[in-house]
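Chains, contacts and geometry: an overview
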Amino acid sequence: MCDEYLKTEREKTTRTVPVAEAVGRVLAHDITEVRPGFKGRAFKKGHVVREEDVERLMLLGKENLYVLSLGEDDMHEDEAAYALASALMGEGVEAGGEPKEGKINFLAARDGLLKVDRAGLLEFNMLGEVMCATRHGNTLVKKGQTVGAVRAIPLVVKRDVIEKAAVIARRGGGLIRIKETRRPSAGLLITGNEIFHKRKKDSFGPVIRRKMEECGGRIIKTLYAPDDEALIAAGLKELIEAGADLLITTGGMSVDPDDVTRFAVERLCARDMTYGSAVLPGSMFLVAYIDPPWAVGQGRIP
């Protein structure tokens, strides 16, 4: 039953014609050329046969060709790919060139944060005959990086399927977008008695600075503090007053008696404080927002 169905569907969209009668028709398959030192594609699937192609095709041993027979409600895979890509691409995303076998890649048109409408993408993919795959959303990407691709699966796809898919794809300005990231001005506080008293060389600072540069931010000030709750809190306050809109601390987040950073953060009227993250490394990660009385109205803390 399956073989009979596929044969019937193929016969609806392709038929065999003599080469001389193929002018103006669309090739349903690639045609390979073999000559000394070369073996590759001479004509691409989807190519519209021209008068000047006939002689070359016959030299390649082609007397007959499979050509597409498209109805008004049919779309060739490459035409469908263009339509789907145009609908899916939101701000910050661009096409990665011509479609190939019904597929177009998506590239990041700028550095930023990849945002993917997962619910919309699932609905899109559940239509059948079309598919789109992306990198995980909420990840940082660089300009020129491949972030996804879309494909029309059959060689010939029904126009109404593409139209339905395009309606879903356009939601919210496109299911795939790249948002520009805020350029933070960070204050860095290196904690730990061993670092503060110079018993050990700091290895966190250079890593944090490199990561800040990668995301376009800057470290406006770096301070050092021992494992003292009051001194850590004072250092954080000093960084805020220096204009930092992002505070980064290193160390002091484990369960030892000397690990008091989280208590210092609480001193600064922290809100929405979350301690612990279900990732490794990073299970002792802390994130919080601070609106201290001295910073309210100054626009320094988000």
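Above this text you will find the structure in question.
Here goes a summary of the coordinates provided. Nothing here was measured: the structure is a model prediction, and the numbers come from that model. (Residues numbered from 1 in each chain as written. Predicted model: local features only at pLDDT ≥ 70, side-chain atom pairs only at ≥ 80, totals over all residues. Heavy atoms only, no water.)

1. Description of the nonpolar core
Convention followed: Among buried residues, those of type Ala, Val, Leu, Ile, Met, Phe, Trp, Tyr and Cys that are joined through side-chain atoms within 4.5 Å constitute a nonpolar core. When a residue's accessible area, from a 1.4 Å probe over protein chains only, is under 20% of the maximum for its type it is buried; when over 50% it is exposed; and in between it is partly exposed. Helix and strand definitions follow DSSP, with helices as H or I runs of at least four residues and strands as E runs of at least two, each counted in order from the N terminus.
Membership of the largest hydrophobic core comes to 31 residues, with the highest contact counts inside it found for Leu88, Phe106, Phe124, Cys132 and Val150. Put simply, the parts of the chain that give this core at least two residues each are helix H3 (77-88), strand S7 (103-108), strand S8 (112-116), helix H4 (118-125), strand S9 (130-134), strand S11 (146-152), helix H5 (159-169) and strand S13 (176-179). Ala225, Leu239, Val260 and Ile290 belong to the second largest nonpolar core, which has 16 residues in total.

2. Topic: the packing of H3 against H5
Selection criterion: Axes here mean lines fitted to C-alpha atoms, for a helix over just the part in contact, with angles spanning 0 to 180 degrees between N-to-C directions. Each angle is binned into one of four classes, with values under 35 degrees roughly parallel, values over 145 roughly antiparallel, values of 65 to 115 roughly perpendicular, and all other values oblique. Take the far helix as your reference; a near helix turned counterclockwise from it by less than a right angle gives a left-handed crossing, and one turned clockwise gives a right-handed crossing. Residue contacts are defined here by distance: any two heavy atoms, one from each residue, within 4.5 Å place the two residues in contact. Residues are grouped as follows: Ala, Val, Leu, Ile, Met, Phe, Trp, Tyr, Cys and Pro are nonpolar; Asp, Glu, Lys and Arg are charged; all remaining types, including Gly, are polar.
Following both chains from N to C, one finds H3 and H5 inclined at 15 degrees, their axes separated by 8 Å at the closest point. Classed by the angle they form, the pair H3 and H5 counts as roughly parallel. Where H3 crosses over H5, the two elements pack in a sense that is right-handed. Contact with H3, carried on its side by Glu79, Ala80, Ala83, Leu84, Ala87 and Leu88, involves Arg159, Ile162, Ala165, Ala166 and Ala169 of H5 and no other residues of that element. Here the residues of the contact of H3 with H5 are counted per class, giving nine nonpolar, no polar and two charged.

3. Concerning the side chain of Ser185
As for its position among the elements, Ser185 is in strand S14 (residues 185-191). A relative accessible area of 13% means that Ser185 is categorised as buried.

4. Quick word on the pattern of salt bridges
Worth spelling out the cut-off: The term salt bridge refers to a pairing of a side-chain nitrogen on Lys or Arg with a carboxyl oxygen on Asp or Glu at a separation within 4 Å.
Inspection of every chain in the model, using the stated rule, returns 16 salt bridges. A salt bridge links Asp74 to Lys158; the nearest nitrogen and oxygen atoms lie 3.0 Å apart. Residue Asp74 is located in strand S5 (residues 74-76), and its partner Lys158 is located in strand S12 (residues 156-158); the two are separated by 84 residues in the primary sequence. Residue classification places Asp74 among the buried positions, given a relative accessible area of 9%. The exposure class assigned to Lys158 is partly exposed, which follows from its relative accessible area of 37%. Here Arg271 and Asp272 are joined by a salt bridge, their closest N and O atoms 2.9 Å apart. Counted as one network, the salt bridges with shared partners bring together Glu33, Arg35 and Arg56.

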